Amino acid sequence: MKVVLQRSLHAKVEVNGEVTGQIDKGFVLLVGITHEDSQEDVKYVAEKIANLRLFEDEEGKMNRSIFEENGAILSISQFTLYGDTKKGRRPSFSEAAKPEVAKPLWDLFNDELRQKNLQVETGVFGAMMNVTLTNDGPVTLIVESK
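The rules we used
Residues numbered from 1 in each chain as written. Predicted model: local features only at pLDDT ≥ 70, side-chain atom pairs only at ≥ 80, totals over all residues. Heavy atoms only, no water. Buried < 20%, exposed > 50% of the residue type's maximum accessible area, 1.4 Å probe, protein only. Helix = DSSP H or I, 4+ residues; strand = E, 2+ residues; numbered from the N terminus. Pairing = 2+ DSSP bridges. Right-handed = clockwise from strand over helix to strand, strands pointing away. Expected span 1.5 Å × (residues − 1). Contact = heavy atoms within 4.5 Å. Core = buried A, V, L, I, M, F, W, Y, C linked by side-chain atoms within 4.5 Å.

**Q** Any chance you could explain the pairing of strand β7 (residues 119–122) here in plain terms?
**A** The side chains of a regular strand alternate between the sheet's two faces. Burial of the side chains of β7 is restricted to one face: V120 and T122 are buried, whereas none of Q119 and E121 on the reverse face is. Summarising the sheet, strand β6 (residues 72–77) and β7 pair through four bridges and their orientation is parallel. Across the sheet, residue L74 finds its bridge partner in β7, namely E121. On the question of chirality, the crossover connecting β6 to the parallel β7 by way of helix α2 (residues 99–115) is right-handed.

In structure tokens, the structure reads:
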């Protein structure tokens, strides 16, 4: 499992011109799932993200969690994170999990974050989405399960 995390001031996702998820301060998560991922991977990454200290304290150090900032999460499924560009000019997505595997794991990931009392907004699995965000910092990290 691979997640690109971007700290944001506000963000939204639209599908066919309709907003399906919107947050103010928090994290935008681009979530990629590979065919080797399991529920344990999902739980590990959810726990890691929920407890990362990526917001500045009074001294300007990244010492505060999303909980301390009353932040929210915008979670977007993103199979292209597993695009392989080593050969040719068109990426291969053979490492990305098939939808029947990826969607339940993405749903579980979002549920795991919600069970930690985080507000989680989402895009629509498998849809063409327009994501708009103001990256705060910018702070961008990659969180992986393996």
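**Q** How do you make sense of α2 when you look at a structure like this?
**A** Count 3.6 residues to each turn of an α-helix, and residues three or four apart come out pointing the same way. With 17 residues, α2 should reach 24 Å at 1.5 Å per residue; the first-to-last C-alpha distance of 24 Å fits that figure. For α2, the set of buried residues is A102, L105, W106, L108, F109, N110, E112 and L113. On its buried face, α2 is in contact with β1 (2–15), β3 (26–32), α1 (39–51), β6 and β7. Positive phi appears at N117, one or two residues downstream of α2, with a value of about 65 degrees.

**Q** Help me out: how do you make sense of the nonpolar core in this one?
**A** Across soluble globular proteins, nonpolar side chains show a tendency to be buried alongside one another. If you look at the biggest cluster of nonpolar residues, it comprises 27 residues, and the most contacted ones within it are F27, L29, I49, F109 and L113. At the level of elements, β1, β3, α1, β4 (53–56) and α2 are the ones that each hand at least two residues to this core. Tallying contributions element by element places α2 first for this core, with six residues. When residues no more than four places from it in sequence are discounted, the contact partners of L29 are V3, V4, L5, I49, I73, L74, S75, I76, F109 and L113.

**Q** I tried to follow the environment of H10 on my own but got confused; where do I start?
**A** When you line up the elements, H10 lands in strand β1. Owing to a relative accessible area of 42%, H10 belongs among the partly exposed residues under this scheme. When the C-alpha atoms of H10 and I49 are compared, they prove to be 18 Å apart, with 39 residues separating the residues in sequence. Leaving out residues up to four positions away in the same chain, H10 has contacts with I23, D24, T132, L133 and T134.

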